[in-house]
Amino acid sequence: MIKTITVRGMTIGEGAPKICVPMVGATLSELKDEAAYLKSLDLDLVEWRIDFFEQVEVIGKVKEAAAEIRAILVDIPLIFTFRSAKEGGEKEISSEYYIELNKSAAQTGLVDIIDVELFNDEQDIKRLIEAAHGHGVFVILSNHDFEKTPSKDEIIARLRKAQELGGDLPKMAVMPTSTADVLTLLDATNVMNEQYADRPIITMSMGGKGIISRLAGELFGSALTFGAAKQASAPGQIDVKELRRSINLLHSNL
């Protein structure tokens, strides 16, 4: 049986997939405006894409911004994500600073979930997960392939590894070059969900071809999906209002 995760009264892993919308402001002023706007939308979580923040390499400024964001998004679960350039993010930082940044965010008590990339040193990952859990923070353990869709077995293997390393929410995002690639991702998600997962998982096929994967998670086993408000943070994210309508339509007919 799959264990659910409850964050600020919102449960991931039951019912319709939860909707997360990214925040991508470069300055504190932009982030505050963005947070105020997102608060007015019908969403379940907000992801702060810290790699867009121009002062990301100053821990004090990151903490200051986190406090300002939390003051606006009082009861909305907040994901803290530094997405590396190699996995589709805005910039690169050293592995040492990556660990320090995520650990510091977890320690503030201002974020609810941190996103840690699977392709880091395993000992670093385990230390980060331990630190996050010590402060009541959950961990998305993620991998993003912006070039291709790995084989079904490889997708399952990466999700299982994320689970085995202790990630609370294993996540896999891939880029399709054909409709068959989208089917591969959905099939892998279904097999992972039915045969191996003991916790909620997150998967998506990116770009226009993969939009169906962002809508139909409840059918195949993906517990969370990403929509866009003013600016998308990944290819294929659709407007949050359209996303909610589509998910509700599917959910009401199951």
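Thresholds applied
Residues numbered from 1 in each chain as written. Predicted model: local features only at pLDDT ≥ 70, side-chain atom pairs only at ≥ 80, totals over all residues. Heavy atoms only, no water. UniProt positions renumbered as here; feature names shortened; annotations may be inferred. Helix = DSSP H or I, 4+ residues; strand = E, 2+ residues; numbered from the N terminus. Buried < 20%, exposed > 50% of the residue type's maximum accessible area, 1.4 Å probe, protein only. Polar contact = N/O pair within 3.5 Å; in protein donor to acceptor, adjacent residues only side chain to side chain. Patch = residues over 30% accessible without salt bridge, like charges linked within 9 Å, V, L, I, M, F, W, Y side chains within 5 Å. Areas by Shrake-Rupley, 256 points an atom, 1.4 Å probe, with all protein chains shown as cover. Salt bridge = Lys/Arg side-chain N within 4 Å of Asp/Glu carboxyl O. Axes fitted to C-alpha atoms, helices over the stretch in contact; angles between N-to-C directions. Parallel < 35°, antiparallel > 145°, perpendicular 65-115°, else oblique. Left-handed = near helix turned anticlockwise from the far one by under 90°. Contact = heavy atoms within 4.5 Å. Nonpolar A, V, L, I, M, F, W, Y, C, P; charged D, E, K, R; others polar. Pairing = 2+ DSSP bridges. Phe/Tyr/Trp six-rings, centres within 6.5 Å; stacked < 30°, edge-to-face > 60°. Core = buried A, V, L, I, M, F, W, Y, C linked by side-chain atoms within 4.5 Å.

The name an unreviewed UniProt entry assigns to the chain is 3-dehydroquinate dehydratase, from the organism Neobacillus bataviensis LMG 21833. Under the Catalytic activity (unreviewed entry) heading, UniProt states for the chain: "3-dehydroquinate = 3-dehydroshikimate + H2O". According to the UniProt record, the Sequence similarities (unreviewed entry) comment for the chain reads "Belongs to the type-I 3-dehydroquinase family."

Visitor: Please explain the environment of Asp187 as it appears in this structure.
Guide: Position of Asp187 among the secondary structure elements: in helix H6 (residues 179-196). Under the relative-accessibility criterion, Asp187 is labelled partly exposed at 33%. Linking Asp187 and Ile69, residues 118 residues apart in sequence, is a C-alpha distance of 38 Å. Within the local environment of Asp187, its side chain forms a polar contact with the side chain of Lys152, the two groups lying 3.2 Å apart.

Visitor: Could you clarify how one ought to interpret a nonpolar patch on the surface in this entry?
Guide: The grouping of Leu219, Leu250 and Leu254 at the surface amounts to a nonpolar patch, some 270 Å² of accessible area in total. Note that Leu254 resides in the segment after helix H9 (240-252).

Visitor: Can you walk me through the packing of helix H5 (residues 152-164) against H6 in this structure?
Guide: At their nearest, the axes of H5 and H6 sit 9 Å apart, and the two run at 45 degrees to each other. Considering their axes alone, H5 and H6 lie oblique with respect to each other. Taken as a pair, H5 and H6 cross one another with a handedness that is right-handed. Seen from H5, the contacting residues are Lys152, Ile155, Ile156, Leu159, Arg160 and Gln163; seen from H6, they are Thr184, Leu185, Asp187, Ala188, Val191, Met192 and Tyr196. Of the residues assigned to the contact of H5 with H6, the class counts are eight nonpolar, two polar and three charged.

Visitor: Mind showing me how you'd approach the side chain of Thr11 here?
Guide: Positionally, Thr11 belongs in strand S2 (residues 10-12). For Thr11, a relative accessible area of 15% translates into the label buried. Reaching out from Thr11, the side chain makes a polar contact with the side chain of Thr6 at a distance of 3.0 Å. Excluding residues within four positions of it along the chain, Thr11 makes contact with Thr4, Ile5, Thr6 and Lys18.

Visitor: I'm lost on the sheet that holds strand S5 (residues 78-81) in this one. Help?
Guide: The strands making up a sheet associate through backbone hydrogen bonding, with each pair oriented either parallel or antiparallel. With parallel pairing, eight strands are arranged side by side in an open sheet as S9-S8-S7-S6-S5-S4-S3-S10. In this open sheet, the two edge strands, each paired with only one partner strand, are strand S9 (202-205) and strand S10 (224-226). Across the sheet, the mean angle from the axis of one strand to that of its neighbour is 25 degrees, orientation sign disregarded. Across three bridges, strand S3 (residues 18-23) lies against S10 in parallel orientation. Considered in S10, the bridge of Lys18 is made with Leu224. Sheet strands touched by H6: strand S8 (169-174) and S9. Its angle to S9, the strand with the most contacts, is close to 170 degrees. Sheet strands in contact with H9 are S3 and S10, and its direction is about 170 degrees off that of S3.

Visitor: Sorry if this is basic, but what is going on with the packing of aromatic side chains here?
Guide: Working definition: an aromatic ring pair is given by the centre-to-centre distance plus the angle between the planes. Tallying each qualifying case throughout the model produces three aromatic pairs. With 5.6 Å between their ring centres and 85 degrees between their planes, Trp48 and Phe80 make a pair best called edge-to-face. With a gap of 32 residues between them, Trp48 in strand S4 (residues 45-49) and Phe80 in strand S5 connect regions that are remote in the sequence. Grouping residues by exposure puts Trp48 and Phe80 together as buried.

Visitor: I'm lost on the nonpolar core in this one. Help?
Guide: In globular proteins that are soluble, nonpolar side chains generally tend to be buried together. One finds Met23, Trp48, Ile50, Leu73, Phe80, Leu101 and Ile114 to be the most contacted residues of the largest nonpolar core, which totals 52 residues. If sequence neighbours within four positions are ignored, Met23 has contacts with Leu31, Glu34, Ala35, Leu38, Val46, Glu47, Trp48, Arg49, Ile69 and Leu73.

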